[in-house]
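Each chain, written out:
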Amino acid sequence: MSAPDGSPVGAERSIGQLFASATADMSALVHDEIALAKAQLKQDVKRGATSGGAFTAAGLLLLFSLPMLNFALAYGIRTWSGWNLALCFLLSFAANVLIALVLALIGVLFAKKAKKGRGPQKVAASMKETAGVLQKAKPHPRPELPEDRGAPAIEAVARSSS
């Protein structure tokens, strides 16, 4: 059995090996937090793009559908009800405005979700917390070995566990 760095279990690791291991772990942690921030930013950008798309669809629908839909709907209402043609055109315009308002509302909802996304702030807070913990970390003092249990005892333990 061996430790994660490949050294046998129970063997003493040098300060250099411990420092290298800690540096590698810290580097991996920073890389993971950067990847998390990128993923959360990507999600916020997608929400913003969805919001923009809904606003664009609302505007285009209102712009391009007005002439054709107004004529078709107005003449349909006149045929069905026999009302004045001007009132029928006004009702067809109101229907188009209602649809555009629904699409704009969808755009507003997605814009609020994108605005509430606090992915980068969460990651920054997590990184600050990690840095605070690491700054307060102190090495554990090693217990002093009795003089009669020196290096031979440690070697015996290392040999017996490998």
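How each quantity is defined
Residues numbered from 1 in each chain as written. Predicted model: local features only at pLDDT ≥ 70, side-chain atom pairs only at ≥ 80, totals over all residues. Heavy atoms only, no water. Helix = DSSP H or I, 4+ residues; strand = E, 2+ residues; numbered from the N terminus. Phe/Tyr/Trp six-rings, centres within 6.5 Å; stacked < 30°, edge-to-face > 60°. Buried < 20%, exposed > 50% of the residue type's maximum accessible area, 1.4 Å probe, protein only. Expected span 1.5 Å × (residues − 1). Bend = angle between axes of the 7 residues up to and from the residue. Axes fitted to C-alpha atoms, helices over the stretch in contact; angles between N-to-C directions. Parallel < 35°, antiparallel > 145°, perpendicular 65-115°, else oblique. Contact = heavy atoms within 4.5 Å.

Colleague: How should the environment of Leu87 be read in this particular structure?
Modeller: By the element assignment, Leu87 lies in helix H2 (residues 85–116). Residues Leu87 and Ala74, spaced 13 residues apart in sequence, show a C-alpha to C-alpha distance of 8.1 Å.

Colleague: Would you mind showing me how to read the packing of aromatic side chains here?
Modeller: Aromatic ring pairs are reported here in terms of the distance separating the ring centres and the angle at which the planes meet. In total, this model carries two aromatic pairs according to the counting rule given. Taken together, a centroid distance of 5.3 Å and an interplanar angle of 90 degrees make the contact between Phe71 and Phe89 edge-to-face. Residue Phe71 is located in helix H1 (residues 15–81), and its partner Phe89 is located in helix H2; the two are separated by 18 residues in the primary sequence. With relative accessibility at 48%, the residue Phe71 sits in the partly exposed group.

Colleague: Before we go on, may I ask you to explain H1 in this structure?
Modeller: Residues three or four positions apart in an α-helix share a direction because the helix packs 3.6 residues into each turn. With 67 residues, H1 extends 91 Å between its outermost C-alpha atoms, agreeing within 8% with the 99 Å of an ideal straight helix rising 1.5 Å per residue. Bending of H1 peaks at approximately 55 degrees at the position of Leu66, with proline Pro67 no more than four residues after it. All of the buried residues along H1 are Glu33, Ala37, Gln40, Asp44, Ser51, Ala54, Ala58, Ser65, Leu66, Asn70, Ala74 and Ile77. Following H1 by one or two positions, Gly82 adopts a phi angle in the positive range, close to 80 degrees.

Colleague: What am I meant to see in the packing of H1 against H2 here?
Modeller: The packing of two helices is summarised by the inter-axis angle and the distance between the axes. Relative to each other, H1 and H2 sit at 175 degrees, their axes nearing to 8 Å. Relative to H2, the element H1 lies roughly antiparallel.

Colleague: Explanation requested: H2 in the structure shown.
Modeller: Helix length check: H2 (32 residues) gives 47 Å between terminal C-alpha atoms against 46 Å at 1.5 Å per residue, within 8%. When H2 is considered as a whole, its buried residues turn out to be Cys88, Ser92, Asn96, Ala100, Gly107 and Ala114. Each element contacted by the buried residues of H2 is listed here: H1.

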